[in-house]
Every structure is written in C-alpha cells, then in structure tokens.
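# Reading the structure
Here are the chains, one letter per residue:
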Amino acid sequence: MPDTTADRPELRQAADSLAGRFPEAVLSSSVEKGELAVRLRKEDLAAVLSFLKDERGFNVLDDIIVLDNIRSSGDGGKRFTVLYQLYQFPGFVRLRLAVDVGENEALDSAVPVYRSADWAEREAFDMFGVRFEGHPGLRRIYMPDEFEGHPLRKDFPLGGRDGGA
Amino acid sequence: MTPFVADFLIPVGKIAAVILYPMGMVVVMIWLERRVVALIQGRLGPNRVGFQGILQPVADAVKLFFKENIMQRQADKFLFNISPVLVMFSSLLAFCFVPLGEPIQIGSYTLTLWIAESPVGLLIILGLSSISVFGVIFGGWASNSKYPLMGALRSVIQVLSYEIPVGLTVLTVAFIARSMDLVEIVRRQESSGVWYGFLMPVSFVVFWISAVAETNRAPFDLPEAESELVAGYHTEYSGMKFAYFYMAEYAHMVLVSSLVVILFFGGWLPPFPSVKALSFLHAVPGFVWYLIKIMFFLYLYVWIRATFPRYRFDLLIRLVWKWLIPLSLVNFLAIALVRYLL
Amino acid sequence: MALKEIDLNMGPQHPSTHGVLRLKLAVDNEVVLRVVPVIGYLHRGMEKLWESLTYVQVVPLTDRLDYLAALSNNLGYVLAVEKLAGIEVPRRARYIRVVLAELQRLASHLAAVGFMANDIGAMSVLLYGFEAREDVLDIFEEYCGARLTVHGIRIGGVPHDLDGALVARIRTVIDGIPKHLADIRTLLDENRIWKGRTVGVGVIGAGDAVDYGLTGPSLRASGVPWDIRKDIPYSSYDEFDFDVPLRTNGDVYDRYFVRVEEMYQSIRIVRQALDGLPAGEISARVPRVLKVPPGEVFHTIEAPKGVLGFYVKSDGTDKPERVKMKSPSFINLQSLEHMCKGNLFSDVVGILGSLDIVLGEIDK
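A few words on the overall build of chain B. Check the secondary structure of chain B and you find 13 helices and two strands. For chain B, the C-alpha radius of gyration of 21 Å lies close to 20 Å, the compact-globule estimate for 342 residues. By principal-axis analysis of the C-alpha atoms, chain B measures approximately 60 × 50 × 45 Å. By the burial criterion, 44% of the 342 residues in chain B qualify as buried.

This part covers the interface of chain A and chain C. Size of an interface: often given as the accessible area lost when the parts come together. The partner chain C presents 31 residues to the 29 residues of chain A that form the contact. The element that contributes the greatest number of residues to the side of chain A that touches chain C is strand E3 (residues 60-68) of chain A, accounting for six residues. Residue classes in the side of chain A that touches chain C are distributed as 15 nonpolar, five polar and nine charged.

Contact residues are listed per partner, giving 22 residues for chain B and 26 residues for chain C. Among the elements of the structure, helix H12 (286-307) and helix H13 (313-341) of chain B are those that each provide at least two residues to the side of chain B that touches chain C. The element that contributes the greatest number of residues to the side of chain B that touches chain C is H13(B), accounting for three residues. Taken together, the residues of the side of chain B that touches chain C break down into 12 nonpolar, four polar and six charged.

This brings us to the nonpolar core. With 249 residues, the main nonpolar core has Val82(A), Val260(B), Val81(C) and Val348(C) as its most contacted residues. Considering every element that reaches this core, the biggest residue donor is helix H4 (residues 91-120) of chain C, with 18 residues.

Attention now moves to the packing of helix H3 (residues 70-85) of chain C against H4(C). Axes are the key here: two packed helices are described by the angle between their axes and the distance separating the axes. Residue and element names in this part refer to chain C. Closest axis-to-axis distance for the H3/H4 pair is 8 Å, and the angle between their directions is 140°. Between H3 and H4, the interaxial angle falls into the category oblique. Note on packing geometry: the crossing formed by H3 with H4 is left-handed. Of the residues in H4, those touching H3 at Leu-71, Ser-72 and Leu-75 are Arg-97, Leu-100, Ala-101 and Gln-104. Considering only residue class, the contact of H3 with H4 consists of four nonpolar, two polar and one charged.

Moving on, we come to the confidence of the model for chain B. All names here are of chain B. With 95% of its residues at a pLDDT of 70 or more, chain B shows a mean pLDDT of 83. Averaged pLDDT values over the elements of chain B bottom out at 72 in helix H10 (residues 222-225) and peak at 90 in helix H9 (residues 201-214). As scored by the predictor, the complex reaches a pTM of 0.88 and an ipTM of 0.89.

Basis of the calculations
- Residues numbered from 1 in each chain as written.
- Chains lettered and ligands numbered in written order.
- Predicted model: local features only at pLDDT ≥ 70, side-chain atom pairs only at ≥ 80, totals over all residues.
- Helix = DSSP H or I, 4+ residues; strand = E, 2+ residues; numbered from the N terminus.
- Rg over C-alpha atoms; globule rule 2.2 N^0.38 Å.
- Buried ≥ 20, exposed ≤ 12 C-beta atoms within 10 Å, placed from the backbone.
- Contact = placed C-beta atoms within 7 Å.
- Nonpolar A, V, L, I, M, F, W, Y, C, P; charged D, E, K, R; others polar.
- Core = buried A, V, L, I, M, F, W, Y, C linked by C-beta atoms within 7 Å.
- Axes fitted to C-alpha atoms, helices over the stretch in contact; angles between N-to-C directions.
- Parallel < 35°, antiparallel > 145°, perpendicular 65-115°, else oblique.
- Left-handed = near helix turned anticlockwise from the far one by under 90°.
- pLDDT = per-residue confidence, 0-100.

Structure below.
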C-alpha cells in the first residue's frame, strides 16, 4: 500500500511555485505526514486561491476548517486560524493553506474562486464568527437565525448557555 | 305478485342493492389493495384484524368515523361540504344504469337486474361519471389553499384530456354493436360469439389506459400522490369527508371495471358463449362470471399500482395528446370503415 | 406576460424523507426558479462534543453521522487518527475493514436506490432493496451486535475476527444480492415511465460538478472518474481489482445507474478480500489511554455518499483539540439548486433522491 505519509516531489513542486509567485505572502511551508501545509498572509488569500485554481490546477476545495487559538495564542497571536484544504485532481496533491485572522477581522471570501466554499464559509461564520467579505449571503447555517454566540469557540460552554438559544 | 311488492318493495330493494353493491366492492377493494400490494412487495399486509385481515376495512371505517372534521375558517363552507358528496353521488348514480345480468323469471314476474335500462345507457354512464370532476374542482377551490387548488387543477386537466380517448373507443363498440344500450351490447356479444375485447384489442387497450387515468389511479395518480411534494385536492379533508373521497375513488374504479367488462368482455357471459361444447359453463349464473371478470380488472388496477413509477404531469399530457387520441381516432375511423364495408 | 412566482415550501417534515430538510422553492408555473435548502434541524453539536471526549470515545459517535453507512464514518475517522498517531494496522485487519466497508456500501446504495424509486412512485423497488439490505444488516448484527450504528471498526484494527462460519455467511449473502438487483433492474432500467422521469432530469455537467465540489457516485455519473479508493488508496484497496463505473450524462438516471453498477463492483471486492484474507492479528497494539503526538492531519475516504474527510488536530493529550468532518452530503446539497433549475417541480423530489443525502451527515 502506498505510504501516504511520504514526502513526494509533487508536493514540494506546488510549494515552491507558490513561494516563487508570492514571496511575501507565504510565511512558511512544511510537509508533514505526506501533507503540504502552507502558512499565508491574510491579505493575499484571494490572489493565492485564484493562482492555485487557475494556474496550478487545484480544482477542488475540500473543506474550510477554523481553529480557535484562544488557549495558545496568548498576546499578539490572532484568535482564529482558517485552514483551506485544497486538492488537485488528477495529480492527487493535497495542499492545506493556513491563514490567521483576528476576532474582529474579515477574510476575503473564497466563493468567487470555488463555488463549494459557499456553505463552508457560512458554517465557519455560524460556528466561530469569522466574517468573509464578498460572500453572497453570509448568514447562519446550523443555528437558528436569532441565536447569539458562536458555539464552536472554545469559550462557549459545551452544555449551552441558559439552557439554549 | 302484489303491486306492493312489484312496485314498491322490489324497486326499493334494487336501490338498496345499487348502494350496497358498490359499497361492498369498496370494502373488498380496500382489503384487496393493501393485501395484494403488500404481497407483491414481499411483505404481508394487514392480517391481524379478523381472518387474514378481512375486517381491516371495518377498522379503517371506524377510525375515519371518529376523526375530527376540521374545516378552515376561510374555506367556502357550502362547496367544501358538497364536493365529497358530488364525487360519491356521481359514482353511485351511474350504477343505476349498469346491468348485472339477464332478467330472471320469478313466477310470472320478470326481475330485471338493473334499475333502469336506457337506449343511450352508455352515454348516460359516461356523463354521470364526469360529474365527479366538479367535486374535485370544488374540493380544491373550497379548501382555500394553494396546494389543493393546484392539485385539483391538474386533476381536471387530466380527466378532461382522457375523456376523449374514452369517448372515441366507446364509440367503436357502439358502432359494432349498433346500439348504445348496455344490455344490447352484451347480447350482441353473445350472438356474434366473440367478445369485443378480442375483436378490437386497440380499443380495449386505449380504453383501459384512459380509464385508469380517469380514476386518478397509479401510474396516473399525480393529483393525489402529489403529497410527495404538494398535497392533492383532498388535503384539507379529514374524517368522514375524506372517507367519502376515498370510497368514491374505489366506487369509480368498480364502475369503470364494470364498463370494461360489459363493453369488451361480454358482461355476464361465460367464455365462448356460442360454442356448444362449452355450454356447461352456462350453468354458472351470469352474475358470477361478471364478478370474476370485475375482480380480475380490479386486481389489474392494484397490480399496476404496485409496479410502475408515477407519471410526471407533462409526460401524462403528452401521452394522451400525442399517442392515445391520435391512436383512438385512427382506430375509430378504421372500425367505421370496416362497419361500413361489411 | 408577467412572471407569476409562487413560493412553495417543502417543510422539514415531508413524506419523501431523507432526514429533516427544508426546501424553499420559488416556482413559476411549474418550472423551478430557485431552491434554497435550509438545514440545521438535526444539528447535535458533534464537533464540540468530540473535543471533550477521548479519541477512542469519539469512534461510536461517528456512527451517528451518516447513519445509513455507519462503518464508513468509523473508517474515515479511525484512519485519520491512525495516520496522526503513526499506528500501523495489520494486514488482516485491513482486509476485514475492506470487507466491512464494501458491505456497508452495498447497504447504503440499496437504501439510496430504493428511496429514489419510492419518491418517483415505484414503491415496490424500495421494499425489494430493503429485503436485500436486511441480509447485509444481519451480517453486521452477527459480527458485532448492531445493525445500524455499528461501531465495527476501532482505532488500531477491528474488534472481532471473521471466522469460517461468518465468512461462509457473507459469501451466501453476496451471492444472493445480484438476484435482488436483477429484480430491481427489471422494474426500472428500461421502464418508459422511469426513463421519462429520470433521463435528462437534474443534469449537471462535469465542469460544474467539480466546481460545486460534488463527489461520489453523483460526480461519476457526470463523467468525472474520481474515486479515492483508486486515486489515494487506503486500507489495502490497491490490492484489489475493481472498476469504477462512469456515466456521462449527469442526470438522475445516470446517478441511479452508477449506484447499481457500484454494487456489483462492491460484491467483486468483497469476494476478492474474502478469498485472499491473510492470517494475522486483527488489531494493532493500542494503549488503553491513547495519547496522540501533536500534529494535524486531513484524511479522506470514499464513503458511499462521496468523499468523506476528517481533519484531526492533536495537542499531545488523549483528547483531540479539533476534529472537523468534511461531509460529502453537505457539499453535494449545494448543487441541488443548479440541478433543479429549469426542471418541473415534480422533479425536485427525484433529483433530491438521486443526490443521496443523509441529514445526520449534513447537520453533524
């Protein structure tokens, strides 16, 4: 069975071309367990996504994942890290972009580039409160519209507040 | 035979029979449908209430009887109440003209197995059964809700469109039999020795398909199984009013089956009526043959329902206007030509 | 003539249930203009819950995501954790996992095809499909005691072994499934009414499908040959010989057909796995309290509904810091509007059925 944790040359290729095109945007990149992870500057997100989709062939956005860094960020660190899981088919290269964003900041929406980002961004907004600029209708998706708070944040209690919405 | 019996009791008895016969068949149909569909699907169906579930229709009737009759405040009261009655009325009234067999001699009195015999019995039955469309429209309109209205309108278009092939195919029978009297038609089948279903198979098939569509049964049951998306014209009905729609549909099915049997399959005649070798079949009363044939068509109704997916509305309309009507027209002209030449 | 738009609501409760889903439709004289799905009725806060449980405790909860294909969810999560923790699963366990996963695919597709047919009106097909599904569920029951929320795959391997009797039983069942499929196909494949209602309905092209993130049999029905089992094999799938059914029209009929063909391929895989079942352990040595070294991983598998992905981030303790599930039905449902536009509103139910969504997976 192919070792999925191995470092493949195609992964490095993608990282190098990205770093070459956007030298200031890429803050770091690493390959761990066969997965390429690139850390990006927030401002360049839209440009990088377009580049990756149109010129490097990353045609699928698998998922948008938000991490709440409240326990580890301390001072100076941004509250949230938003991960974009991209996939290139065929070619089978996986790429994970990480963008740090603060609590009251907004990210560029990925919807103009990847249509499948629509609901994923709504979920990120609903669960964490991350705003996306340029989204065609950013509103809650799981919780009722009148709900206050963002449930998946680490400071939101597991049992809910006051017994519910 | 006293005038009292001949002029009062017997007609009253016939009226009672005309109400009880379709209602009885409805009761049988409720059980038959659920059992047969279940067995086709590999399960059992109702088999708890009574022997093999025979009392299930009674249980259903009791349940519907005790349900609350809800009516919306904005609903049109008169039309809301009258539409189930209309639908039931049209089905039952047509049974007055459906003959069940040859007249029986009781002493000096001839007991006719129908309430009325008319030289245009066929037309009357078709006309009466079309009154049910009014019940559907009123039901959909009076419910004062988008979805029943749309369901009702669809049903109307469906019924009106399928009336045309019904009329044309029925006319071919009338042509060959030279009569529109149902009793005459059966007698002509006896004398000509062949059932019209075998003589004019195209007429029979087109009539059967159109009849299934007329009765809003699968695979043409869009108006009522709209409940997959939009509920049909009897959404807002509950309790006994809904039971009326339900029973009226089955009564309509029995009516249509009776028509098919009389027009195309020899009514109360045994198979091969004029073949001497099989004349022992005449020992079985005509009514029994009639019942056997009707039961076959009712079974066919249920069988078709369990097997086929549902037609979408545009496919349904396309079927009738592109295929059935031209086919029945051509068939009609062909039969007329044959009749003229022979 | 002015546009007469009517707003229709397919409420959270409706007869063609795929779960509690609300569809807000805008219709103009039978033609669908807009479809807006409203979800969240089954949201249980799974991801939040998982953060407070240990890695091992999360596994039974994954059953409840796509409840019609519980083993696939188990497998997806377990593979992600094993990748992160560096656990090497013995070969026999991998083969048994393949057998279980493919049997689960059979059960899921039988339910999908059955419900699709039922929504379009062919009621008997649903029951024939479920008759076959019952046989598969009986196997699961004999294997680990549960039919639906199976929890039959654990971190490190599988909980029980497949002994000779169970293997024989599995062979009998998969030998009998083609007969049920033949019944279903007789009723549907060449039926005029079925074809009239499904061919050319709910079409989505290959380019649009990839753009919307569509995955699974629905994508393969549009002509895109993407199957994770072939592209990034996991759990020894590369040791088996099977085809990936592909159709090109991308309509409801093709989505139905691809699922039926996939069932035949699943039977093929199970036979190969049972024939070549290696001897060995059924589970790796996993400590009682599993502490996973810090790191993050995103792993995908080919679940019956599409590409199921799990992102697991560990902070070194025995509880995951973040687990995110990429649910195929969540993304597939976004393409519903594209498929329904321009079709009649009687088709919406059929198209929804052909997408094969499960609300447990969408709503987490």
